[in-house]
Amino acid sequence: MKSFFLIMSFFCFGPFLWAQENEWSEPIVIKQNRITAVSLDNQGFIMMANQEGDIYQYDRFGDFVNNFSPSRQGRIDFLEASWTVNIFTYSIDLQEYRILDRFLNPIAENRVQTKGINLGKAATLGNNNIIWIYDESDFSLKQFDHRRNQIIQQQPLNLILTNSDLMIQEIKEYQNLVFLRIKDEGISILDNQANLIKILPFNTDQALSFTKQELVYVKNGLIHFMDYVNTKASTFTIPKEVNNHSILISDKAVIFYNLSEILIYDKALSPLNQR
C-alpha cells in the first residue's frame, strides 16, 4: 500500500515539481539608458557601459557599487572585465582604449592612431595585458603591448580568411584562443598566435559570451549552448521577460541585457542549475 501511494504521488505531483524546478525565478531588473556593452568580472560583478562612455558596476543582486565617468565622452563599443586584474574599454568613435583597475580607477588610456593603428574597428584585452586590435586599414589583426607601447605582432587576415569580407564585429580571447565574430559569416577561431584553427558557421549579432567550453547566445526564443571544440549543441527556453536580449552567465547568475535594461536571474533557481 505504501508503494502504491508513492507511485501515485509521483504521477500526481512529479510533473508539477519538475516544472517548478525548470521555471525561471523573478528577475532583478536594472534600468539604464543607452547601454552599449555589458561584461562580468571573475568575482561576478556586472560592468555596464553606455553611449557617453560611463561605466557602472553592480553586484549580482543588482545593487550599485561604483561608477566611472570619463573627461572625454564617447560611446564604448567593447568592454572586457573577465581578466583577473583589469577592465578594458574601447571606443571606435574616439579610436581610444582605456584600462581601469577593479575600483574603476584609470591605469592607462591612449588613442590607437598614435601607435601605428590607422582604423581600429574592434579590440579586446588578452592574456598578459596584450591588446588585440583589428586594423581595417590594412586588414590586420594586431597585438599591441600597451606597457611597452608597441605592436609586437600582426597577422594579415585577408591571407588566412581568404573568402571573408572581413567585416569584423568583435574580438575576444578565451582559454588561449582568439574568437572573431564576422558579420554574416560566423565565428572564426584562431590560436594565440593568430593562426586559423576553424570556422563555426553560425551567425549572431550578439556579443560573444562563454561558459566553460561553450559559446552561449539567444536565438528564436532559446538559449543556445555550442561546444566550440566538438560543436555539440543544446538549448533551453528563455524566461518570459526576455525579448531581444543578449546573455552572460556566471557561477551564481544568468544575466540578460539589451539597450535599456539588465535582467539578473538566480542561476540556482533556473533551468541552467544542473549544467
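Conventions and cut-offs
Residues numbered from 1 in each chain as written. Predicted model: local features only at pLDDT ≥ 70, side-chain atom pairs only at ≥ 80, totals over all residues. Heavy atoms only, no water. Pairing = 2+ DSSP bridges. Helix = DSSP H or I, 4+ residues; strand = E, 2+ residues; numbered from the N terminus. Axes fitted to C-alpha atoms, helices over the stretch in contact; angles between N-to-C directions. Buried < 20%, exposed > 50% of the residue type's maximum accessible area, 1.4 Å probe, protein only. Salt bridge = Lys/Arg side-chain N within 4 Å of Asp/Glu carboxyl O. pLDDT = per-residue confidence, 0-100. Contact = heavy atoms within 4.5 Å.

Remarks on the sheet that holds strand β2 (residues 35-40)
Reasoning step 1: Spatial ordering of the open sheet is given by β2-β3-β4-β5, a layout of 4 strands whose pairing is antiparallel. Strand pairing shows two members of the sheet lacking a second neighbour, β2 and β5 (64-68), which therefore form its edges. In this sheet, adjacent strand axes meet at a mean angle of 20° when their direction is disregarded.
Reasoning step 2: Judged from the 4 bridges that link them, strand β3 (residues 46-50) and strand β4 (residues 55-58) form a sheet pairing that is antiparallel. Across the sheet, Ile46 pairs through a bridge with Tyr58, a residue of β4.

Observations concerning the pairing of strand β23 (residues 253-257)
Reasoning step 1: Burial of β23 is extensive: 5 of the 5 residues sit out of reach of the surface.
Reasoning step 2: Across the two faces of β23 the burial is the same, with Ala253, Ile255 and Tyr257 and Val254 and Phe256 all buried.
Reasoning step 3: Taken together, the 4 bridges between strand β22 (residues 246-249) and β23 define a ladder with antiparallel strand orientation. Bridging across to β23, Ile249 finds its partner in Val254.
Reasoning step 4: The antiparallel hairpin formed by β22 and β23 contains 3 residues in its connecting segment.

Focus on the pattern of salt bridges
Reasoning step 1: Following the criterion strictly, the structure yields 15 salt bridges and no others.
Reasoning step 2: Across the pair Asp138 and Lys142 runs a salt bridge whose closest N-O atoms are separated by 3.1 Å.
Reasoning step 3: Judged by relative accessible area, Asp138 falls into the partly exposed class, the value being 29%.
Reasoning step 4: Since its relative accessible area comes to 3%, Lys142 is described here as buried.
Reasoning step 5: Here Lys240 makes a salt bridge to Glu241, at a shortest N to O gap of 3.0 Å.
Reasoning step 6: Its relative accessible area of 69% is what places Lys240 among the exposed residues.

Focus on the confidence of the model for the protein chain
Reasoning step 1: Confidence along the protein chain averages 91 in pLDDT terms, with 92% of residues attaining 70 or more.
Reasoning step 2: pLDDT under 50 marks residues 1-21. Its contacts with residues more than four places away, or in other chains, come to 3 contacts.

Let's talk about the pairing of strand β7 (residues 87-91)
Reasoning step 1: Extensive coverage of β7 is indicated by the burial of 5 of its 5 residues.
Reasoning step 2: Neither face of β7 is left uncovered, since the one carrying Ile87, Thr89 and Ser91 and the one carrying Phe88 and Tyr90 both have all their residues buried.
Reasoning step 3: As defined by bridge partners, strand β6 (residues 78-80) adjoins β7 across 3 bridges and the pair is classed as antiparallel. Looking across to β7, one finds that Leu79 is bridged to Thr89.
Reasoning step 4: With antiparallel pairing between neighbouring strands as the criterion, β6 and β7 make up a hairpin whose turn holds 6 residues.
Reasoning step 5: Across 5 bridges, the pairing between β7 and strand β8 (residues 96-100) is antiparallel. Residue pairing across strands places Tyr90 opposite Tyr97, the latter belonging to β8.
Reasoning step 6: Between β7 and β8, which pair antiparallel one after the other, the connecting turn spans 4 residues, and Gln95 there sits at a positive phi close to 50°.

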